[in-house]
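Chains, contacts and geometry: an overview
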Amino acid sequence: MEPQQEKSQFEDLTGNIEKTGVEILNMDPKFSAENCIFNRGPLFIRSEKGDPQLLINISFTGPVKIHHMQIRARDTASRPTSIKVYVNQLGIDFSSVEDSEPTQEFELDNSDYEGVTNFKYVKFQHVKTLTIFVEENNGAEFTSIQDLIFYGQTFHGQQDMKGLKPVDEEG
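Below: a short report on this structure. Please read these numbers as outputs of a predicted model, since none were measured by experiment.

1. Quick word on the environment of Phe94
In this fold, Phe94 is placed in helix α2 (residues 94-97). According to the relative accessible area criterion, Phe94 is partly exposed, its value standing at 28%. Between the alpha carbons of Phe94 and Leu54 there is a distance of 8.9 Å; along the sequence they are 40 residues apart. Sequence-distant contacts of Phe94, that is, excluding residues within four places in its chain, are made with Leu25, Asn26, Gln53, Leu54, Leu55 and Phe133.

2. Let's talk about the pairing of strand β8 (residues 127-137)
The buried count for β8 comes to 9 of 11 residues, which makes it a mostly enclosed element. Direction of pairing for strand β5 (residues 80-87) relative to β8: antiparallel, over a ladder of 7 bridges. Opposite Ile83, over in β8, you have Val134 as the bridge partner.

3. A closer look at the side chain of Gln70
Looking at the secondary structure, you find Gln70 in strand β4 (residues 54-72). Gln70 gets classed as buried once you look at its relative accessible area, which sits at 16%. Engagement of the side chain of Gln70 in a polar contact is seen with the side chain of Arg72, the distance being 3.3 Å. Among the polar contacts made by the side chain of Gln70, one reaches the side chain of Tyr151 at a distance of 3.3 Å. When near neighbours in sequence (up to four residues on either side) are disregarded, Gln70 contacts Gly115, Val116, Asp147, Leu148, Ile149 and Tyr151.

4. Here we look at the pattern of salt bridges
The final tally for this structure, using the stated rule, is 4 salt bridges. Lys84 is the salt-bridge partner of Glu135, the closest N and O atoms lying 3.7 Å from each other. Highlighted residues: Glu135 in strand β8 and Lys84 in strand β5, separated in sequence by 51 residues. By the burial criterion, Glu135 is buried, and Lys84 matches it.

5. Details of the side chain of Thr14
With respect to the secondary-structure elements, Thr14 resides in the loop between β1 (11-12) and β2 (17-25). Exposure remark for Thr14: the relative accessible area of 14% places this residue in the buried category. Here Asp12 takes part through its side chain, which lies 2.6 Å from a polar atom of the side chain of Thr14.

6. What to know about the nonpolar core
Of all hydrophobic cores here, the largest spans 34 residues; its most connected members are Phe60, Ile66, Leu130, Ile145, Leu148 and Phe150. Breaking this core down by element, the ones donating at least two residues are β2, α1 (33-37), β4, β5, β8 and β10 (147-154). No other element matches β4, which puts 8 residues into this core. Ignoring sequence-local partners within four residues, the contact set of Leu130 consists of Ile56, Asn57, Ile58, Phe60, Ile66, Val85, Tyr86, Val87, Phe124 and Phe150. Grouped together as the second largest cluster of nonpolar side chains are 5 residues, Leu55, Tyr86, Val97 and Phe133 included.

Rules behind the numbers
- Residues numbered from 1 in each chain as written.
- Predicted model: local features only at pLDDT ≥ 70, side-chain atom pairs only at ≥ 80, totals over all residues.
- Heavy atoms only, no water.
- Helix = DSSP H or I, 4+ residues; strand = E, 2+ residues; numbered from the N terminus.
- Buried < 20%, exposed > 50% of the residue type's maximum accessible area, 1.4 Å probe, protein only.
- Contact = heavy atoms within 4.5 Å.
- Pairing = 2+ DSSP bridges.
- Polar contact = N/O pair within 3.5 Å; in protein donor to acceptor, adjacent residues only side chain to side chain.
- Salt bridge = Lys/Arg side-chain N within 4 Å of Asp/Glu carboxyl O.
- Core = buried A, V, L, I, M, F, W, Y, C linked by side-chain atoms within 4.5 Å.

So this is what it looks like as structure tokens:
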């Protein structure tokens, strides 16, 4: 069992998500990923009407450790109730998600929408990509999510090696 850690030592990881690295499958085209991932407020994402499933693929700018998430949804009937989370599995789509072993599964209830949902921290230590499969909601024709915020830690002290140039040994 992991030692209890204060939630305050974990930062909002939104700034570590690649703006072009978010893909949401089965999303109603009238909405955008930015509504839920990068903006806070009244905007949201929604699945296509008649199909409550969503597949949210998120790429981070570098590896992160994820401790918990905060999920918000206004409407009780259309909020997710069953989600599966996958770490560092590229190319997951609806045809492969059922065959892949999730890193963690959640059955969400009202308390998850009033507070935070904790991940098994030891399984989320070097996350480059995260996939959220929204399997079910509370019975609505579509699923809607207002905010999806991840909290954790970055790997401080890492350098982007691409920008380094060789040092002239004579100078």
